[in-house]
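# Survey of secondary and tertiary structure
Listed below are the residues making up each chain.
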Amino acid sequence: MTTPVVGIDIGGTKTAAALVGPGGQVLQRREVPTPARSGPEAVLDAAARLATDLLGATTGPVGVGTAGTVDPTTGSIRYATDSLPGWTGTPVADALAARLGRPVRVTNDVNAAALGECWAGAGRDRAHVLLVAVGTGLGGAVVRNGRVEAGARGAAGEVGHLPAPGAERLRCGCGRLGHLEAIASGSGLSAAYSIETGTRVTGRTVADRAAAGDGVAERVVDRAGTVLGAALAGLAALLDPDAVLVAGGAAGALLPAASAAYSAELPAGWADIPLLPAALGADAVVVGAARLAIDTRDIERTTG
């Protein structure tokens, strides 16, 4: 890559686009609230407007990281939650290609974040990485030999649906009880705090109250981090990565307890695998989407 490319991040709350340079540096960035309630066409139009503003004299494909499970062959959405109503079935790659007049390559937003971190962030120069994104929900991506492993359905790495102790009364975003996402995520913090206090606040507020010394919030955050860290230790032994990266808005709150549990639970044979905070913050998805735009081999699909 010798010229800048455009990467797009489509989420339930905001949509961003960036012009990304040859080393993964963000040169320009645009962002708008996602018009999710107006439907998929409005979301696609918003993304296209941002990208068009940045394309200029650039050539070649555009990359997209989006919420939802993405078919790695077609760039269409196989499944999405209600954060983007009607998004399931949307042919994102084809629809944006028609709007932009150039090829578009699409992956899940957490996959894109992993590509970004491995290109220009905390996973730089590491061939095998597990990235876990702790936000409102809990997502994951597995990088092997420098490529994101998509799996048979484009959904590999979804660590949030592992069974987790302490989450038995908490409901996961998939609708079931007892999953890791139900305890170790922003929504999990909110639900657990509500059970303890009868007061419903956001996960960010729970984290803020824990930092301010609220005893109940401290217990909720510590429990969530401990469960997350133990799960990551088991995944490190299973996947044998060079590093485990933790990204997302709730990562900072959970990381102290997660790091302690991770170190305590990690088997001796994998004791040299570090647990690291991700480095790119809000730019990870657009940087990874740009990386995808220049090399389709960054996503590897497993076939049976």
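Residues numbered from 1 in each chain as written. Predicted model: local features only at pLDDT ≥ 70, side-chain atom pairs only at ≥ 80, totals over all residues. Heavy atoms only, no water.

## Observations regarding empty space enclosed by the protein
The gaps of empty space that remain are located by a probe, the size of a water molecule, rolled over the atoms. This is how the line gets drawn: The method works on a 1 Å grid over the protein atoms by themselves. A cavity is a set of points holding a 1.4 Å probe that cannot get out, a pocket is an open set with protein on both sides within 12 Å along at least five of seven lines, and residues with an atom within 4 Å of a point line them. Grid points are joined across faces, edges and corners, and a volume is the space filled by probe spheres set on the points. Under the scheme used here, helices are H or I runs from DSSP no shorter than 4 residues and strands are E runs no shorter than 2 residues, and both carry numbers assigned from the N terminus.
Per the stated rule, a full pass over the model turns up one cavity of 30 Å³ or more. Estimated volume of the largest cavity: approximately 30 Å³. The wall of the largest cavity is formed by His-128, Val-129, Val-142, Val-143, Arg-144, Leu-239 and Pro-241. Broken down by element, the lining of the largest cavity gets its largest block of residues, three residues, from strand β9 (residues 138-144).

## Some remarks on the environment of Thr-13
Quick reminder of the rule: Only heavy atoms matter for contacts: two residues are in contact if any of them lie within 4.5 Å across the pair.
The topology assignment puts Thr-13 in the loop between β1 (5-10) and β2 (14-20). Distance from Thr-13 to Leu-189, taken between C-alpha atoms, is 19 Å for residues 176 residues apart in sequence. Residues contacting Thr-13, with those up to four places away along its chain left out, are Pro-33 and Thr-34.

## As for unusual backbone geometry
Operational definition: The rule is simple: take the accessible area with a 1.4 Å probe, protein chains only, and divide by the maximum for that residue type; under 20% is buried, over 50% is exposed, in between is partly exposed.
At Asp-125, a position not held by glycine, the phi torsion is positive, near 65 degrees. Relative to the elements of secondary structure, Asp-125 occurs in the loop between α3 (109-120) and β8 (129-134). Judged by its relative accessible area of 75%, Asp-125 is exposed. Even without being a glycine, Asn-145 presents a positive backbone phi close to 50 degrees. As for its placement among the helices and strands, Asn-145 is situated in the loop between β9 and β10 (147-151). Note on Asn-145: relative accessible area 61%, which makes it exposed.

## Things to note about the sheet that holds β2
Rules: Any two strands with at least two DSSP bridges between them are considered paired. The axes used here are C-alpha line fits, helices contributing only the stretch in contact, and every angle between their N-to-C directions lies in the interval 0 to 180 degrees.
Read across the sheet, five strands follow the order β3-β2-β1-β4-β7 without closing on themselves; strand pairing throughout is mixed. Single-partner strands in this sheet number two, and they are β3 (26-33) and β7 (104-108). Going from strand to strand, the sheet's axes swing by 15 degrees on average, the running direction of each strand aside. This element, helix α1 (residues 40-55), spans β1, β2, β3 and β4 (62-66) of the sheet and lies at about 20 degrees to β2. Sitting on the sheet, helix α8 (residues 284-294) touches β1, β2, β3, β4 and β7, and the angle it makes with β1 is about 130 degrees.

## Considerations on the packing of helix α5 (residues 203-211) against helix α6 (residues 215-239)
Selection criterion: Angle categories are assigned with fixed cut-offs, so that under 35 degrees is roughly parallel, over 145 is roughly antiparallel, 65 to 115 is roughly perpendicular, and the rest are oblique. Crossing handedness follows the turn of the near helix against the far one: under a right angle anticlockwise gives a left-handed crossing, and clockwise gives a right-handed one. Each residue is assigned to one class: nonpolar for Ala, Val, Leu, Ile, Met, Phe, Trp, Tyr, Cys and Pro, charged for Asp, Glu, Lys and Arg, and polar for all the others, Gly among them.
Remark: α5 packs on α6, axes separated minimally by 7 Å, with the N-to-C direction vectors making an angle of 115 degrees. Taken together, the axes of α5 and α6 are roughly perpendicular relative to one another. Seen from above, α5 lies across α6 with left-handed handedness. Here Val-206, Ala-207, Arg-209 and Ala-210 of α5 lie close against α6, whose contacting residues are Ala-217, Glu-218, Val-220 and Val-221. A class-by-class count of the residues in the contact of α5 with α6 yields six nonpolar, no polar and two charged.

## Re the packing of aromatic side chains
Here is the rule we go by: Working definition: rings of Phe, Tyr and Trp (its six-membered ring) pair if their centres are within 6.5 Å, and the pair is stacked with planes under 30 degrees apart, edge-to-face with planes over 60 apart, and tilted otherwise. In this analysis the charged atom, NZ for Lys or CZ for Arg, is taken to sit over a ring once it is within 6 Å of the ring centre and within 35 degrees of the ring normal.
All told, the structure shown has zero aromatic pairs when counted by the stated rule. Here Arg-291 stacks its cationic end above the ring of Trp-119, 5.6 Å away from the centre of that ring.

## Some points on the pairing of β9
Within β9, six of the seven residues are buried, leaving the element largely enclosed by the surrounding structure. When β8 meets β9, the two strands line up antiparallel, connected through six bridges. Bridging from a neighbouring strand, Val-132 pairs with Gly-140 of β9. The loop that links β8 with its antiparallel partner β9 comprises three residues. Bridge analysis of β9 against β10 gives two bridges, and the strand direction is antiparallel. Looking at β10, one finds that Val-143 is bridged to Val-148. If you look at the hairpin formed by β9 and β10, you'll find two residues sitting between the two strands, and Asn-145 has a positive phi there, around 50 degrees.

## Details of the pattern of salt bridges
Let me state the cut-off plainly: We count a salt bridge whenever a side-chain nitrogen from Lys or Arg sits within 4 Å of a carboxyl oxygen from Asp or Glu.
Enumeration according to the criterion identifies nine salt bridges in this entry. With a closest N to O distance of 2.7 Å, Arg-29 and Asp-283 form a salt bridge. Here Arg-29, found in strand β3, pairs with Asp-283, found in the loop between β12 (275-277) and α8; they are 254 residues apart in sequence, far enough to count as distant. A salt bridge links Glu-196 to Arg-223, with the nearest nitrogen and oxygen atoms 3.7 Å apart. Placement of Glu-196 in helix α4 (residues 186-197) and of Arg-223 in helix α6 is noted, with a sequence separation of 27 residues between them. A relative accessible area of 37% places Glu-196 in the partly exposed class. What you see here is one network of salt bridges that share partners, running through Arg-29, Glu-31 and Asp-283.

## Observations regarding the environment of Gly-11
With respect to the helices and strands, the residue Gly-11 is situated in the loop between β1 and β2. Judged by its relative accessible area of 12%, Gly-11 is buried. For Gly-11 and Ala-67, which are 56 residues apart along the polypeptide, the C-alpha to C-alpha distance reads 5.4 Å. Gly-11 has contacts with Thr-34 and Leu-84, leaving out every residue within four places of it along the chain.

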